[in-house]
Amino acid sequence: MAQRGFSLIETLVVLLIVGIVSSAGLSVLVLDRDQGIQREARQLALRLAELQSYVRESGRSVAWNADQQGYRFSLIPDATDGASPTPGWLRDQARFAQLFPQRSWTLDSVRVRLEPAGPWVFVNEWLSAPRQLELDDGHEVLHLRSDPTGRFDVQS
């Protein structure tokens, strides 16, 4: 009666293949996670640059705030808008909401720290105080820093 089973070499070859496939899959997951926070930071830097351009072109002031769920943009009425909203203000507000919708983070958990704290107000000035945003996904911490012209750069 012949014995049935795998030889030692066959078993080692199978374990080697399983090890290679497992390590390749793990490295892809790690790369995706790292690219996720980097991608999130780059997209936010672009959105803030777009916001700064909008503010300079329109002359409107905008508040921006972020928390663990995401970030939001709010058009700030100026003195000429008066107590009751005018059709022009409502039209500007509707257009603004389409250009700058509320955004949720694409990652499962992101910790956010703003300097200065609280909502940032973007006004129609060419020079502004430096701002810094820290994004932390629990594995990597990235900083978005602005220069006096309002340009944001992503730094590790």
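Residues numbered from 1 in each chain as written. Predicted model: local features only at pLDDT ≥ 70, side-chain atom pairs only at ≥ 80, totals over all residues. Heavy atoms only, no water.

Peer 1: Honestly, the overall build of the protein chain in this entry has me stumped. Any pointers?
Peer 2: For the protein chain, the helix and strand inventory stands at two helices and eight strands. Reading the protein chain from its N terminus to its C terminus gives the helix and strand order α-β-β-α-β-β-β-β-β-β. Taken over 156 residues, the protein chain has a buried fraction of 29%. Sequence-distant contacts in the protein chain: of pairs separated by 6 or more residues, those separated by 24 or more amount to 52%. (Helix = DSSP H or I, 4+ residues; strand = E, 2+ residues; numbered from the N terminus. Buried < 20%, exposed > 50% of the residue type's maximum accessible area, 1.4 Å probe, protein only. Contact = heavy atoms within 4.5 Å.)

Peer 1: Got a minute to help me understand the pattern of salt bridges in this structure?
Peer 2: For the coordinates displayed, the defined rule picks out seven salt bridges. Of the charged contacts in the structure, one is a salt bridge between aspartate 67 and arginine 72, with a shortest N-O distance of 2.9 Å. You can call arginine 72 partly exposed: its relative accessible area is 26%. Note that glutamate 134 is salt-bridged to arginine 113, the shortest N-O span being 3.0 Å. Highlighted residues: glutamate 134 in strand 6 (residues 132-136) and arginine 113 in strand 4 (residues 111-115), separated in sequence by 21 residues. For glutamate 134, a relative accessible area of 18% translates into the label buried. Classification of arginine 113 by relative accessible area gives partly exposed; the value is 38%. One continuous salt-bridge network, built from bridges that share partners, spans Arg113, Glu115 and Glu134. (Salt bridge = Lys/Arg side-chain N within 4 Å of Asp/Glu carboxyl O.)

Peer 1: Explain the environment of aspartate 153 to me, please; I cannot follow it from the model alone.
Peer 2: The topology assignment puts aspartate 153 in strand 8 (residues 152-155). Linking aspartate 153 and alanine 41, residues 112 residues apart in sequence, is a C-alpha distance of 9.1 Å. When neighbours within four sequence positions are excluded, aspartate 153 is seen to be in contact with His143, Leu144 and Arg145. A polar atom in the side chain of aspartate 153 sits 3.0 Å from the side chain of arginine 151. (Polar contact = N/O pair within 3.5 Å; in protein donor to acceptor, adjacent residues only side chain to side chain.)

Peer 1: Please clarify how the sheet that holds strand 7 (residues 141-146) should be interpreted in this entry.
Peer 2: Backbone hydrogen bonds hold the strands of a sheet together, and the pairing may be parallel or antiparallel. Strand order across the open sheet formed by four strands is 4-6-7-8, with antiparallel pairing between neighbours. At either margin of the open sheet sits one strand with a lone partner, and together these are strand 4 and strand 8. Sheet twist, expressed as the mean angle between neighbouring strand axes with direction ignored, is 15 degrees. As judged from the four bridges shared by strand 7 and strand 8, these two strands associate in the antiparallel manner. Residue pairing for strand 8: leucine 144 is matched across the bridge by valine 154. (Pairing = 2+ DSSP bridges. Axes fitted to C-alpha atoms, helices over the stretch in contact; angles between N-to-C directions.)

Peer 1: Just to check I follow, could you spell out unusual backbone geometry for this structure?
Peer 2: Of note, the amide linkage connecting glutamate 115 to proline 116 takes the cis form, showing an omega dihedral of -5 degrees. Locating proline 116 in the fold gives a position in the loop between strand 4 and strand 5 (120-122).

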